[in-house]
Amino acid sequence: MTELRGPVRIVGTGLIGTSIGLALGRLGVVVELVDADPDSALMAERIGAGSRLVQIEPQLVVVAVPPDHVGAVIAEQLEQTDAIVTDAASVKGKPLADAKVLLDASGRSGDLARYVGGHPMAGSERNGPLAGRADLFDGATWAITPHGTSDPAAADLVRRLAEACGARTVELSATDHDLAVARVSHLPQLMSSLAAGTLVDAPAAHLELSGQGVRDVTRIAAGDPGLWTQIVSANSPALSGLLEQIRDELDRLLIALGKEEATDEVTAVLNRGVSGAVRVPGKHGTPHIELVPIMVTIPDRPGQLARLFADAAESGANVEDLRIDHSPGRPVGEVELSVKPASVDQLVRVLTERGWAVHR
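Conventions we followed
- Sequence order as written defines the numbering, with residues in each chain counted from 1.
- In keeping with the predicted nature of the model, local features appear solely for residues at pLDDT of at least 70, side-chain atom pairs appear and are counted solely at 80 or more, and the whole-chain, interface and lining totals rest on all residues.
- Side-chain calculation: all heavy atoms of the structure are included, whereas hydrogens and water are not.
- UniProt positions are given in the numbering used here, feature names are shortened, and annotations may be inferred rather than shown by experiment.
- As a rule, the C-alpha atoms of each element are fitted with a line to give its axis, helices using only the stretch in contact, and angles between N-to-C directions run from 0 to 180 degrees.
- Strands are runs of DSSP state E lasting at least two residues, helices are runs of H or I lasting at least four, and both sets are numbered from the N terminus onward.
- Roughly parallel means an angle under 35 degrees; roughly antiparallel means over 145; roughly perpendicular covers 65 to 115; every other angle is labelled oblique.
- We call a crossing left-handed when the near helix sits turned anticlockwise from the far one by less than a right angle, and right-handed when that turn is clockwise.
- Should any heavy atoms of two residues lie within 4.5 Å, those residues are considered in contact.
- Residues are grouped as follows: Ala, Val, Leu, Ile, Met, Phe, Trp, Tyr, Cys and Pro are nonpolar; Asp, Glu, Lys and Arg are charged; all remaining types, including Gly, are polar.
- Here a strand pair is declared whenever DSSP counts at least two bridges between the two strands.
- Salt bridge criterion: a side-chain nitrogen from Lys or Arg within 4 Å of a carboxyl oxygen from Asp or Glu.
- Each residue gets one of three labels from its accessible area relative to the maximum for its type: buried under 20%, exposed over 50%, partly exposed in between, using a 1.4 Å probe on protein chains only.
- Two aromatic rings, drawn from Phe, Tyr or Trp (for Trp, its six-membered ring), form a pair once their centres lie within 6.5 Å of each other, and the interplanar angle then sorts them: stacked below 30 degrees, edge-to-face above 60, tilted otherwise.
- The directions from the helix axis to the C-beta atoms form the arc being described.
- Pairs of N or O atoms are called polar contacts if they sit within 3.5 Å, as long as, within protein, a hydrogen donor faces a hydrogen acceptor (for residues adjacent in sequence, only side-chain-to-side-chain pairs).
- To define a nonpolar core, start from buried Ala, Val, Leu, Ile, Met, Phe, Trp, Tyr and Cys residues and group those joined through side-chain atoms within 4.5 Å.

An unreviewed UniProt entry lists the protein chain under the name Prephenate dehydrogenase, with Kribbella sancticallisti as the source organism. In its Sequence similarities (unreviewed entry) section, UniProt records this for the protein chain: "Belongs to the prephenate/arogenate dehydrogenase family." Looking at the Catalytic activity (unreviewed entry) heading of the UniProt record, one finds this comment for the protein chain: "prephenate + NAD(+) = 3-(4-hydroxyphenyl)pyruvate + CO2 + NADH".

Before going further, it helps to examine the packing of helix α3 (residues 70-80) against helix α4 (residues 93-105). Remark: α3 packs on α4, axes separated minimally by 7 Å, with the N-to-C direction vectors making an angle of 45 degrees. Taken together, the axis directions place α3 and α4 in an arrangement best described as oblique. Here α3 and α4 pass one another in a crossing that is right-handed. Listed contacts from α4 to Val 70, Gly 71, Ala 72, Ile 74, Ala 75, Leu 78 and Glu 79 of α3 are Pro 95, Asp 98, Ala 99, Leu 102 and Leu 103. Residue composition of the contact of α3 with α4, by class: nine nonpolar, one polar and two charged.

So, about the sheet that holds strand β9 (residues 321-326). A sheet is described by the order of its strands in space; here four strands give the open sequence β9-β10-β8-β11, paired in antiparallel fashion. A strand with exactly one partner marks an edge of an open sheet, and here the two such strands are β9 and β11 (357-359). Across the sheet, the mean angle from the axis of one strand to that of its neighbour is 20 degrees, orientation sign disregarded. Pairing of strand β8 (residues 292-299) with β11, which is carried by three bridges, proceeds in the antiparallel orientation. Paired with Thr 297 across the strands is Ala 357, a residue of β11. The sheet strands contacting helix α12 (residues 304-314) are β8, β9 and β10 (332-339), and the helix crosses β8 at an angle near 140 degrees. Where helix α13 (residues 344-353) meets the sheet, its contacts fall on β8, β10 and β11, and the angle it forms with β8 comes to roughly 10 degrees.

Let us now look at the pattern of salt bridges. Inspection of every chain in the model, using the stated rule, returns 20 salt bridges. When the shortest N-O distance is used, the salt bridge between Asp 87 and Lys 92 registers 2.6 Å. Asp 87 gets classed as buried once you look at its relative accessible area, which sits at 1%. For Lys 92, a relative accessible area of 1% corresponds to the buried category. Several salt bridges share partner residues, and in doing so they unite Asp 156, Arg 159, Arg 160, Glu 163 and Glu 171 into one network.

Per the counting criterion, the structure on display carries one aromatic pair. Between Phe 137 and Trp 142, the ring centres sit 5.3 Å apart and the planes meet at 55 degrees, which makes this aromatic pair tilted. Taking relative accessible area as the criterion, Phe 137 reaches 0% and is therefore assigned buried. Taking the relative accessible area as the measure of exposure, Trp 142 reaches 2% and is therefore buried.

Turning our attention to helix α2 (residues 38-46). Taken residue by residue, α2 has Ser 40, Ala 41 and Ala 44 as its buried positions. Seen from one end, α2 has its buried residues packed into an arc of 100 degrees, which puts them on one side. In α2, the exposed positions that point more than 90 degrees away from the buried face belong to Pro 38, Asp 39 and Arg 46. Buried-residue contacts for α2 involve α1 (15-25) and β2 (31-34). Where α2 begins, one side-chain oxygen reaches toward the backbone nitrogen of Asp 39, 3.0 Å away; that side chain belongs to Asp 37.

Across the sheet, four strands lie side by side as β2-β1-β3-β4; this open sheet has parallel pairing. The open sheet has two edge strands, β2 and β4 (84-87), and neither has a second partner. On average, adjacent strands in this sheet sit at an angle of 20 degrees to one another, irrespective of strand direction. Sheet analysis places strand β1 (residues 8-11) next to strand β3 (residues 60-63), joined by four bridges and oriented parallel. Opposite Val 8, over in β3, you have Leu 60 as the bridge partner.

Now for the pairing of β2. Bridge analysis of β1 against β2 gives four bridges, and the strand direction is parallel. Opposite Val 8, over in β2, you have Val 31 as the bridge partner.

Before going further, it helps to spend a moment on the nonpolar core. Of all hydrophobic cores here, the largest spans 34 residues; its most connected members are Ile 20, Leu 24, Trp 142 and Leu 161. Only β1, α1, β2, β3, β6 (141-145) and α5 (152-164) provide two or more residues apiece to this core. No other element matches α5, which puts seven residues into this core. What Ile 20 contacts, discounting residues up to four positions off in sequence, is Ile 10, Val 62, Phe 137, Trp 142, Leu 161 and Cys 165. Counting 17 residues, the second-largest nonpolar core is a separate cluster that includes Val 70, Ala 75, Ala 89 and Leu 103.

See below:
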(Lines give C-alpha, C1' and ligand atoms only; values in the text may rest on other atoms or scores of the structure.)
Protein backbone atom coordinates (compact mmCIF):
# COMPACT_ATOMS: atom_id res chain seq x y z
CA MET A 1 0.00 0.00 0.00
CA THR A 2 1.40 3.38 -1.03
CA GLU A 3 1.66 5.86 1.84
CA LEU A 4 0.61 9.47 1.35
CA ARG A 5 3.55 11.23 2.96
CA GLY A 6 3.62 14.48 0.92
CA PRO A 7 4.39 17.05 -0.09
CA VAL A 8 1.22 17.47 -2.11
CA ARG A 9 1.19 20.24 -4.70
CA ILE A 10 -2.24 21.71 -5.37
CA VAL A 11 -2.52 23.63 -8.64
CA GLY A 12 -5.62 25.81 -8.39
CA THR A 13 -6.81 27.32 -5.12
CA GLY A 14 -10.54 27.63 -5.69
CA LEU A 15 -13.16 25.90 -3.58
CA ILE A 16 -11.97 22.34 -4.31
CA GLY A 17 -8.21 22.92 -4.25
CA THR A 18 -8.37 24.95 -1.05
CA SER A 19 -10.64 22.38 0.62
CA ILE A 20 -8.21 19.58 -0.26
CA GLY A 21 -5.39 21.59 1.27
CA LEU A 22 -7.40 22.25 4.43
CA ALA A 23 -8.36 18.57 4.70
CA LEU A 24 -4.75 17.40 4.33
CA GLY A 25 -3.70 20.00 6.88
CA ARG A 26 -5.72 18.11 9.50
CA LEU A 27 -3.24 15.25 9.07
CA GLY A 28 -0.14 17.40 8.98
CA VAL A 29 0.61 16.71 5.30
CA VAL A 30 2.81 19.40 3.74
CA VAL A 31 0.86 21.17 0.99
CA GLU A 32 2.24 23.47 -1.70
CA LEU A 33 -0.20 25.97 -3.22
CA VAL A 34 0.13 27.08 -6.83
CA ASP A 35 -2.25 29.37 -8.70
CA ALA A 36 -2.07 31.62 -11.75
CA ASP A 37 -3.82 34.21 -9.56
CA PRO A 38 -1.35 35.10 -6.78
CA ASP A 39 -4.10 36.70 -4.70
CA SER A 40 -6.08 33.45 -4.67
CA ALA A 41 -3.03 31.43 -3.57
CA LEU A 42 -2.25 34.01 -0.87
CA MET A 43 -5.80 33.87 0.48
CA ALA A 44 -5.73 30.05 0.56
CA GLU A 45 -2.42 30.21 2.41
CA ARG A 46 -3.78 32.68 4.94
CA ILE A 47 -6.67 30.41 5.86
CA GLY A 48 -4.35 27.45 6.40
CA ALA A 49 -4.66 25.42 3.19
CA GLY A 50 -0.88 25.17 2.68
CA SER A 51 2.12 27.26 1.69
CA ARG A 52 3.21 28.95 -1.52
CA LEU A 53 6.88 28.48 -0.62
CA VAL A 54 7.40 24.69 -0.43
CA GLN A 55 10.68 23.85 -2.16
CA ILE A 56 10.54 20.04 -1.94
CA GLU A 57 9.67 17.89 -4.96
CA PRO A 58 6.02 16.82 -4.56
CA GLN A 59 4.99 13.22 -4.14
CA LEU A 60 1.58 14.00 -5.58
CA VAL A 61 0.15 16.83 -7.68
CA VAL A 62 -3.57 17.65 -7.59
CA VAL A 63 -4.81 19.70 -10.54
CA ALA A 64 -7.85 21.74 -9.51
CA VAL A 65 -8.04 24.36 -12.26
CA PRO A 66 -11.05 25.35 -14.42
CA PRO A 67 -12.22 22.56 -16.76
CA ASP A 68 -10.90 24.07 -19.98
CA HIS A 69 -7.32 24.01 -18.66
CA VAL A 70 -7.16 20.66 -16.86
CA GLY A 71 -5.57 18.57 -19.64
CA ALA A 72 -2.83 21.12 -20.32
CA VAL A 73 -1.92 21.44 -16.64
CA ILE A 74 -1.87 17.65 -16.19
CA ALA A 75 0.61 17.36 -19.07
CA GLU A 76 2.67 20.27 -17.74
CA GLN A 77 2.97 18.75 -14.26
CA LEU A 78 3.87 15.32 -15.64
CA GLU A 79 6.63 16.94 -17.71
CA GLN A 80 7.96 19.16 -14.92
CA THR A 81 7.93 16.66 -12.02
CA ASP A 82 8.36 12.97 -11.31
CA ALA A 83 5.25 13.06 -9.12
CA ILE A 84 2.02 11.14 -9.51
CA VAL A 85 -0.61 13.49 -10.90
CA THR A 86 -4.36 13.51 -10.37
CA ASP A 87 -7.08 16.07 -10.89
CA ALA A 88 -10.44 17.08 -9.47
CA ALA A 89 -12.30 17.85 -12.69
CA SER A 90 -15.92 16.79 -13.03
CA VAL A 91 -15.30 15.38 -16.54
CA LYS A 92 -12.62 12.76 -17.11
CA GLY A 93 -12.55 11.81 -20.79
CA LYS A 94 -11.59 15.18 -22.26
CA PRO A 95 -8.70 16.01 -19.83
CA LEU A 96 -7.22 12.55 -20.41
CA ALA A 97 -7.45 12.95 -24.19
CA ASP A 98 -6.03 16.49 -24.08
CA ALA A 99 -3.09 15.45 -21.88
CA LYS A 100 -2.34 12.46 -24.11
CA VAL A 101 -2.18 14.65 -27.24
CA LEU A 102 0.22 17.08 -25.56
CA LEU A 103 2.47 14.36 -24.16
CA ASP A 104 2.57 12.50 -27.48
CA ALA A 105 3.60 15.73 -29.19
CA SER A 106 6.48 16.22 -26.77
CA GLY A 107 7.63 12.60 -27.02
CA ARG A 108 6.75 11.87 -23.38
CA SER A 109 3.68 9.68 -23.74
CA GLY A 110 5.09 7.25 -21.16
CA ASP A 111 4.63 9.87 -18.46
CA LEU A 112 0.88 9.35 -18.67
CA ALA A 113 1.30 6.21 -16.53
CA ARG A 114 1.73 8.54 -13.57
CA TYR A 115 -1.69 10.13 -14.12
CA VAL A 116 -4.90 8.87 -12.52
CA GLY A 117 -8.10 10.89 -12.79
CA GLY A 118 -10.10 11.83 -9.73
CA HIS A 119 -13.36 13.60 -9.02
CA PRO A 120 -14.55 14.44 -5.49
CA MET A 121 -18.34 14.55 -5.59
CA ALA A 122 -18.69 17.55 -3.31
CA GLY A 123 -19.05 21.24 -3.86
CA SER A 124 -21.02 24.38 -3.22
CA GLU A 125 -22.73 27.20 -5.07
CA ARG A 126 -19.93 29.38 -3.68
CA ASN A 127 -16.53 29.67 -5.34
CA GLY A 128 -13.02 30.76 -4.42
CA PRO A 129 -10.65 29.95 -1.56
CA LEU A 130 -12.83 31.56 1.10
CA ALA A 131 -15.52 28.98 0.34
CA GLY A 132 -13.06 26.15 1.17
CA ARG A 133 -13.77 23.84 4.12
CA ALA A 134 -11.66 21.12 5.68
CA ASP A 135 -14.74 18.90 6.06
CA LEU A 136 -16.10 19.39 2.53
CA PHE A 137 -15.30 15.80 1.53
CA ASP A 138 -16.17 14.05 4.80
CA GLY A 139 -18.49 11.19 3.86
CA ALA A 140 -18.53 12.22 0.18
CA THR A 141 -17.85 9.95 -2.79
CA TRP A 142 -14.57 10.42 -4.66
CA ALA A 143 -14.45 8.84 -8.11
CA ILE A 144 -11.08 7.44 -9.23
CA THR A 145 -10.61 6.80 -12.95
CA PRO A 146 -7.42 4.95 -13.88
CA HIS A 147 -6.84 4.63 -17.63
CA GLY A 148 -5.36 1.74 -19.58
CA THR A 149 -1.71 2.53 -18.81
CA SER A 150 -2.06 3.92 -15.27
CA ASP A 151 0.47 2.59 -12.79
CA PRO A 152 -1.42 0.68 -10.04
CA ALA A 153 0.76 2.44 -7.45
CA ALA A 154 -0.45 5.77 -8.79
CA ALA A 155 -4.08 4.70 -8.43
CA ASP A 156 -3.36 3.54 -4.90
CA LEU A 157 -1.87 6.91 -3.94
CA VAL A 158 -4.86 8.79 -5.35
CA ARG A 159 -7.08 6.49 -3.30
CA ARG A 160 -5.06 7.37 -0.20
CA LEU A 161 -5.57 11.07 -1.00
CA ALA A 162 -9.33 10.68 -1.15
CA GLU A 163 -9.43 8.74 2.09
CA ALA A 164 -7.17 11.30 3.79
CA CYS A 165 -9.72 13.96 2.84
CA GLY A 166 -12.50 11.91 4.48
CA ALA A 167 -14.11 10.52 1.33
CA ARG A 168 -15.03 7.03 0.23
CA THR A 169 -13.82 5.94 -3.20
CA VAL A 170 -15.48 4.45 -6.27
CA GLU A 171 -13.39 3.27 -9.22
CA LEU A 172 -14.75 3.77 -12.75
CA SER A 173 -13.48 4.09 -16.27
CA ALA A 174 -13.43 7.63 -17.65
CA THR A 175 -16.31 6.79 -20.00
CA ASP A 176 -18.51 5.32 -17.26
CA HIS A 177 -17.67 8.23 -14.97
CA ASP A 178 -18.71 10.83 -17.53
CA LEU A 179 -22.03 9.13 -18.21
CA ALA A 180 -22.63 8.78 -14.46
CA VAL A 181 -22.00 12.45 -13.69
CA ALA A 182 -24.07 13.46 -16.69
CA ARG A 183 -26.98 11.61 -15.05
CA VAL A 184 -26.53 12.68 -11.42
CA SER A 185 -24.95 16.13 -11.73
CA HIS A 186 -24.82 17.79 -15.14
CA LEU A 187 -28.35 16.98 -16.31
CA PRO A 188 -29.90 18.08 -12.97
CA GLN A 189 -27.96 21.35 -13.26
CA LEU A 190 -29.41 22.05 -16.70
CA MET A 191 -32.93 21.04 -15.64
CA SER A 192 -32.68 23.37 -12.63
CA SER A 193 -31.45 26.22 -14.83
CA LEU A 194 -34.26 25.67 -17.34
CA ALA A 195 -36.88 25.68 -14.59
CA ALA A 196 -35.40 28.80 -12.99
CA GLY A 197 -35.27 30.51 -16.37
CA THR A 198 -39.08 30.36 -16.60
CA LEU A 199 -39.24 32.62 -13.54
CA VAL A 200 -37.31 35.52 -15.11
CA ASP A 201 -40.38 37.10 -16.73
CA ALA A 202 -42.95 35.78 -14.26
CA PRO A 203 -45.23 38.40 -12.67
CA ALA A 204 -44.39 39.25 -9.07
CA ALA A 205 -47.80 37.97 -7.99
CA HIS A 206 -46.90 34.52 -9.32
CA LEU A 207 -43.64 34.46 -7.39
CA GLU A 208 -45.45 35.29 -4.15
CA LEU A 209 -46.89 31.79 -4.35
CA SER A 210 -43.41 30.21 -4.28
CA GLY A 211 -42.95 27.38 -1.83
CA GLN A 212 -40.30 24.85 -0.97
CA GLY A 213 -40.85 22.91 -4.18
CA VAL A 214 -39.62 25.66 -6.47
CA ARG A 215 -36.78 26.44 -4.06
CA ASP A 216 -35.64 22.81 -4.14
CA VAL A 217 -35.77 22.58 -7.92
CA THR A 218 -34.00 25.90 -8.59
CA ARG A 219 -31.39 25.93 -5.80
CA ILE A 220 -28.47 24.72 -7.90
CA ALA A 221 -29.39 27.07 -10.75
CA ALA A 222 -27.47 29.71 -8.77
CA GLY A 223 -24.18 28.01 -9.74
CA ASP A 224 -21.51 29.88 -11.73
CA PRO A 225 -22.67 29.97 -15.40
CA GLY A 226 -19.11 30.29 -16.72
CA LEU A 227 -17.92 27.22 -14.84
CA TRP A 228 -20.96 25.17 -15.79
CA THR A 229 -20.62 26.12 -19.44
CA GLN A 230 -17.14 24.59 -19.41
CA ILE A 231 -18.34 21.48 -17.57
CA VAL A 232 -21.32 20.64 -19.77
CA SER A 233 -19.40 21.46 -22.95
CA ALA A 234 -16.61 19.07 -21.95
CA ASN A 235 -19.15 16.31 -21.30
CA SER A 236 -21.33 16.95 -24.33
CA PRO A 237 -21.26 13.36 -25.73
CA ALA A 238 -22.73 11.77 -22.59
CA LEU A 239 -25.01 14.70 -21.84
CA SER A 240 -26.42 14.98 -25.36
CA GLY A 241 -27.75 11.42 -25.22
CA LEU A 242 -29.56 12.07 -21.95
CA LEU A 243 -30.98 15.37 -23.21
CA GLU A 244 -32.34 13.57 -26.25
CA GLN A 245 -34.11 11.13 -23.91
CA ILE A 246 -35.58 14.06 -21.96
CA ARG A 247 -36.69 15.71 -25.22
CA ASP A 248 -38.48 12.53 -26.28
CA GLU A 249 -40.20 12.27 -22.90
CA LEU A 250 -41.28 15.93 -23.11
CA ASP A 251 -42.68 15.38 -26.59
CA ARG A 252 -44.74 12.43 -25.35
CA LEU A 253 -45.91 14.45 -22.35
CA LEU A 254 -46.96 17.40 -24.53
CA ILE A 255 -48.92 15.08 -26.82
CA ALA A 256 -50.61 13.51 -23.79
CA LEU A 257 -51.53 16.88 -22.30
CA GLY A 258 -53.12 17.84 -25.60
CA LYS A 259 -55.60 15.01 -25.29
CA GLU A 260 -58.88 15.25 -23.44
CA GLU A 261 -57.96 12.22 -21.35
CA ALA A 262 -54.22 12.27 -20.56
CA THR A 263 -54.38 10.62 -17.17
CA ASP A 264 -52.59 7.36 -18.00
CA GLU A 265 -49.68 8.95 -19.84
CA VAL A 266 -49.11 11.63 -17.21
CA THR A 267 -49.36 9.09 -14.40
CA ALA A 268 -46.77 6.92 -16.16
CA VAL A 269 -44.32 9.85 -16.28
CA LEU A 270 -44.86 10.61 -12.59
CA ASN A 271 -44.58 6.96 -11.56
CA ARG A 272 -41.30 6.62 -13.44
CA GLY A 273 -40.04 9.67 -11.55
CA VAL A 274 -40.95 8.07 -8.23
CA SER A 275 -39.15 4.88 -9.24
CA GLY A 276 -36.02 6.84 -10.10
CA ALA A 277 -36.11 8.99 -6.97
CA VAL A 278 -36.11 6.01 -4.63
CA ARG A 279 -32.92 4.74 -6.27
CA VAL A 280 -30.96 7.79 -5.13
CA PRO A 281 -28.73 6.63 -2.25
CA GLY A 282 -29.38 7.91 1.24
CA LYS A 283 -26.87 9.63 3.48
CA HIS A 284 -23.34 8.20 3.67
CA GLY A 285 -24.05 6.37 0.40
CA THR A 286 -26.40 3.87 2.06
CA PRO A 287 -29.40 2.47 0.17
CA HIS A 288 -32.55 4.58 0.09
CA ILE A 289 -34.64 4.14 3.22
CA GLU A 290 -38.29 4.96 3.80
CA LEU A 291 -38.66 8.09 5.92
CA VAL A 292 -41.72 9.78 7.41
CA PRO A 293 -41.93 13.58 7.22
CA ILE A 294 -43.11 15.41 10.34
CA MET A 295 -44.10 19.06 9.87
CA VAL A 296 -43.51 21.50 12.71
CA THR A 297 -44.65 25.13 12.68
CA ILE A 298 -41.83 27.34 13.95
CA PRO A 299 -41.81 31.05 14.83
CA ASP A 300 -39.38 33.16 12.81
CA ARG A 301 -37.36 34.25 15.85
CA PRO A 302 -33.77 33.69 17.00
CA GLY A 303 -33.18 30.48 18.94
CA GLN A 304 -36.28 28.61 17.78
CA LEU A 305 -34.43 26.09 15.60
CA ALA A 306 -32.02 25.34 18.42
CA ARG A 307 -34.94 24.74 20.79
CA LEU A 308 -36.67 22.48 18.25
CA PHE A 309 -33.53 20.40 17.68
CA ALA A 310 -32.97 20.06 21.42
CA ASP A 311 -36.54 18.88 21.94
CA ALA A 312 -36.27 16.44 19.02
CA ALA A 313 -33.07 15.04 20.52
CA GLU A 314 -34.85 14.50 23.82
CA SER A 315 -37.31 12.21 22.04
CA GLY A 316 -34.45 9.92 21.02
CA ALA A 317 -35.33 10.24 17.32
CA ASN A 318 -32.54 10.72 14.83
CA VAL A 319 -33.44 13.37 12.27
CA GLU A 320 -32.38 11.81 8.94
CA ASP A 321 -33.21 14.83 6.80
CA LEU A 322 -34.41 18.39 7.20
CA ARG A 323 -36.14 21.07 5.12
CA ILE A 324 -37.34 24.55 6.01
CA ASP A 325 -40.22 26.20 4.19
CA HIS A 326 -40.77 29.89 4.80
CA SER A 327 -44.37 31.12 4.80
CA PRO A 328 -44.65 34.32 2.70
CA GLY A 329 -46.26 37.16 4.62
CA ARG A 330 -46.34 35.24 7.92
CA PRO A 331 -43.92 35.38 10.88
CA VAL A 332 -43.62 31.57 10.92
CA GLY A 333 -42.18 28.77 8.85
CA GLU A 334 -42.57 25.04 8.48
CA VAL A 335 -39.76 22.67 9.38
CA GLU A 336 -39.98 19.19 7.89
CA LEU A 337 -38.18 16.62 10.03
CA SER A 338 -37.74 13.26 8.29
CA VAL A 339 -37.31 10.28 10.60
CA LYS A 340 -37.57 6.51 10.42
CA PRO A 341 -41.10 5.14 10.92
CA ALA A 342 -40.26 3.60 14.31
CA SER A 343 -39.41 7.07 15.70
CA VAL A 344 -42.51 8.93 14.55
CA ASP A 345 -44.89 8.43 17.48
CA GLN A 346 -42.31 9.25 20.15
CA LEU A 347 -41.12 12.35 18.28
CA VAL A 348 -44.66 13.66 17.77
CA ARG A 349 -45.55 13.03 21.42
CA VAL A 350 -42.49 14.82 22.84
CA LEU A 351 -42.74 17.80 20.51
CA THR A 352 -46.47 18.19 21.19
CA GLU A 353 -45.88 18.04 24.95
CA ARG A 354 -43.31 20.84 24.61
CA GLY A 355 -45.72 23.16 22.87
CA TRP A 356 -44.88 22.66 19.19
CA ALA A 357 -47.62 22.63 16.56
CA VAL A 358 -46.97 19.27 14.87
CA HIS A 359 -48.73 17.58 11.97
CA ARG A 360 -47.93 14.63 9.74
